[in-house]
Amino acid sequence: VQLVESGGGLVQAGGSLRLSCPASGRTFSLYAMSWFRQAPGKEREFVAGISRSGGSTDYAESVKGRFTISRDNAKNTVYLQMNSLKPEDTAVYYCAARFSGVQEKVAVALLEYRYWGQGTQVTVSS
């Protein structure tokens, strides 16, 4: 699975961004998808995840109510809508894919994901 993130950039606090991650190479609808992020000097952390059909989602506590993950299996793309952005959201955001088969599971552990994009920088100014 090849993943390429886009949509990052510089935004003021309180603003919004929408990240996109089109996938290619495999049957997208068999893969659970997630977004992770890594700030300078910090470990990569789970942000949001969505099951293969889109029926289940999960979020980190720090982004609940502000971020929304979605997917369009017809377009082989996963999205992350980020609203009410804060300076502490500044990080490189990564898209990740995990083969799910028939399971409707959202995996939050980094080590469960085999496929990763190259990342897109999100910078929120105060």
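That block above? That's the structure.
Residues numbered from 1 in each chain as written. Predicted model: local features only at pLDDT ≥ 70, side-chain atom pairs only at ≥ 80, totals over all residues. Heavy atoms only, no water.

Chemist: What's the story with the overall build of the protein in this structure? I'm lost.
Modeler: Looking only at helices and strands, one finds zero helices and 11 strands in the protein. Secondary structure elements of the protein, listed N to C terminal, follow the sequence β-β-β-β-β-β-β-β-β-β-β. Seen through its C-alpha atoms, the protein measures out along the principal axes to roughly 45 × 25 × 25 Å. In the protein, the proportion of contacts linking residues at least 24 apart, taken out of those at least 6 apart, comes to 60%. Counting only carbon and sulfur atoms, one obtains 49% of the accessible surface of the protein, whose full area is about 6300 Å². (Helix = DSSP H or I, 4+ residues; strand = E, 2+ residues; numbered from the N terminus. Contact = heavy atoms within 4.5 Å. Areas by Shrake-Rupley, 256 points an atom, 1.4 Å probe, with all protein chains shown as cover.)

Chemist: Can you walk me through the nonpolar core in this structure?
Modeler: For soluble globular proteins, nonpolar side chains are generally found buried alongside one another. By size, the foremost hydrophobic cluster in this structure holds 30 residues, and its most contacted members are Leu3, Met33, Trp35, Val78, Leu80, Met82 and Tyr93. Those elements that place two or more of their residues in this core are β3 (17–24), β4 (31–38), β5 (45–50), β7 (67–72), β8 (77–82), β9 (91–99) and β11 (120–125). Setting aside residues up to four positions removed in sequence, Leu3 forms contacts with Cys21, Pro22, Ala23, Met33, Cys95, Ala96, Ala97, Tyr115, Trp116, Gly117 and Gln118. Counting residues in each nonpolar core, the second largest holds five residues, with Phe36, Phe46, Ala96 and Tyr113 among its members. (Core = buried A, V, L, I, M, F, W, Y, C linked by side-chain atoms within 4.5 Å. Buried < 20%, exposed > 50% of the residue type's maximum accessible area, 1.4 Å probe, protein only.)

Chemist: Teacher, can you tell me more about the pattern of salt bridges here?
Modeler: Opposite charge on two side chains permits them to pair, given that their charged atoms come into close proximity. The tally for this structure, following the rule as stated, stands at seven salt bridges. Glu45 is the salt-bridge partner of Arg37, the closest N and O atoms lying 2.7 Å from each other. Taking the shortest distance from any N to any O, the salt bridge between Arg98 and Glu112 comes out at 3.3 Å. Of this pair, Arg98 sits in strand β9 while Glu112 sits in the loop between β9 and β10 (115–116), placing them 14 residues apart in sequence. The partly exposed category is assigned to Glu112, whose relative accessible area is 31%. (Salt bridge = Lys/Arg side-chain N within 4 Å of Asp/Glu carboxyl O.)

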